[in-house]
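Overview (structure and organization)
Residue strings, one per chain:
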Amino acid sequence: ILEGHDINIEDVIVHAPYIVNLGQIDEEKHPFAVLEVGISEPGEMEGLSELLQPDFAVVLNVNPVHLENFKTIEAIACEKLKLLQKAKKHVFYPCEWRSYIQHPNGFAFSFKHENALNTIALELKMIPEGWQIKVDGCPFHLPFLIGEKSAQTFAQVLAVALNLGVPKHQLQERLLLWQPYAQRGVWVKQSERKVFVDCYNANPAAFSDSLQHFYRELDPCNLPNTAVCYCIGSMLELGKGSVAFHRDLAKYFRIGQNDHFILVGVYKEALQDGFKAVGVPTSHIHLADAIAEIQELFNQVPCNFAYLKGSHRYHLENLIAN
């Protein structure tokens, strides 16, 4: 059972010829079931974990999401712990959680070597063509220009798979077959520009990782007059810190003199304040409540590249639907 992933990592763990609904799982046909457990408010995990009764449970991350309901990141962590408490065999979790976990067969992830019992050391190195990953010294090559958080997710999944007995050579073969899901970090060619579409979800951590991926794709181009049109949708369900989260978002962006920013949704003014604070001229910032107001503008802004990310409620992907 995997909690909190943003990429299709089931292809990394097992060769799944097809995907079925939970109610269709047949023990005679399906030796493994890899499930994402999604939660958005307190109390949900208890019922889900009781229903699933997982053999193995993995927590991949704890990010500022659904804070409108959880109030604090610590509350999110406590809710996710309930999944680990129901695991029958093994649990995998970040090292900093060790003092909170009570499980006889736990494994901790680490991003530095430690000699502690049941610690899995993960090493990540960014290289021009992707990432080099080592899991307890076992090397893997990940030929994708994804962000660091996504690479960490791959590393953690590889650690779990190795502990479950999946051969290293099979894992490496499957890594090379990975493809992002629609709207989750994919490139689309539109007329004379390339558009990076990452509209499935939005929170500060997701923006940071997504932009790192986007900029890694741009760097090899070496275009002297690169211009980017950023279409940014508001991040929802962040609670009382929403305005501050949106103002701070600008720190993840590399601001170019030819860039334009189209800001959409309920927190468009907070986004605007953040971009103005880092030097974006007002003439390059455009505000809207919905994409219906910006379709023509988006098509006309002169740029080599475009970047689309925001809450899925705004359906920014529809800007390139035709």
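See the structure above.
Counting from 1, residues in each chain are numbered in the order their sequence is written. Thresholds applied to this predicted model are a pLDDT of at least 70 for local features of residues and 80 or more for the giving and counting of side-chain atom pairs; totals over whole chains, interfaces and linings are not thresholded and use all residues. The side-chain quantities take in all heavy atoms of the structure and omit both hydrogens and water.

Brief notes about the sheet that holds strand E9 (residues 193–198)
Here is the rule: For two strands to count as paired, DSSP must find a minimum of two bridges between them. Elements are defined by DSSP. Helices are runs of H or I of four residues or more, strands are runs of E of two residues or more, and each kind is numbered from the N terminus. Helix axes are fitted to C-alpha atoms over the stretch in contact, other axes to C-alpha atoms as well, and angles between N-to-C directions run from 0 to 180 degrees. Any two residues whose heavy atoms approach within 4.5 Å are treated as being in contact.
Strand order in the open sheet made by the 6 strands is E8-E9-E13-E10-E11-E12, with mixed pairing throughout. Each end of this open sheet is capped by a strand with a single partner; those strands are strand E8 (184–190) and strand E12 (285–288). Across the sheet, the mean angle from the axis of one strand to that of its neighbour is 15°, orientation sign disregarded. Two elements, strand E11 (residues 260–264) and E12, share 4 bridges in a ladder whose sense is parallel. Paired with Ile262 across the strands is His286, a residue of E12. Sheet strands in contact with helix H7 (residues 204–218) are E8, E9, strand E10 (228–233) and strand E13 (305–309), and its direction is about 165° off that of E13.

Some details on unusual backbone geometry
What you tend to see is this: most non-glycine residues have negative phi, and most peptide bonds are trans. Here is the rule we go by: When a residue's accessible area, from a 1.4 Å probe over protein chains only, is under 20% of the maximum for its type it is buried; when over 50% it is exposed; and in between it is partly exposed.
Phi is positive for Gln53, close to 50°, though the residue is something other than glycine. Note that Gln53 resides in the loop between helix H2 (44–52) and strand E2 (56–59). Despite not being glycine, Glu237 shows a phi value in the positive range, around 65°. Along the polypeptide, Glu237 turns up in the loop between E10 and helix H8 (242–248). According to the relative accessible area criterion, Glu237 is partly exposed, its value standing at 36%.

What about the side chain of His284?
The test is simple: Two N or O atoms form a polar contact when they lie within 3.5 Å of each other; inside protein one atom must be a possible hydrogen donor and the other a possible acceptor, and for residues adjacent in sequence the pair counts only when both atoms belong to side chains.
Relative to the assigned elements, His284 resides in the loop between helix H9 (268–277) and E12. In this structure the side chain of His284 is engaged in a polar contact, spanning 2.7 Å, whose partner is the backbone oxygen of Asp259. Beyond its immediate sequence surroundings of up to four residues, His284 is in contact with Gln257, Asn258, Asp259, His260 and Phe261.

Observations concerning the packing of aromatic side chains
Applied cut-off: Classification of ring pairs rests on two measures: the distance between centres of Phe, Tyr or Trp rings, Trp counted by its six-membered ring, which must be within 6.5 Å, and the angle between planes, read as stacked under 30 degrees, edge-to-face over 60 and tilted in between.
According to the stated counting rule, one finds 19 aromatic pairs in the structure shown. Look at Phe154 and Trp178: their rings are 5.3 Å apart centre to centre, the planes differ by 90°, and that puts the pair in the edge-to-face class. Residue Phe154 is found in helix H5 (residues 148–163), and its partner Trp178 is found in the loop between helix H6 (168–175) and E8; the two are separated by 24 residues along the sequence. The residues Phe154 and Trp178 share a single accessibility class, namely buried. Ring geometry for Trp187 and Phe214: centres 5.7 Å apart, planes at 20°, overall stacked. Of the two residues, Trp187 sits in strand E8 while Phe214 sits in helix H7, which places them 27 residues apart along the sequence.

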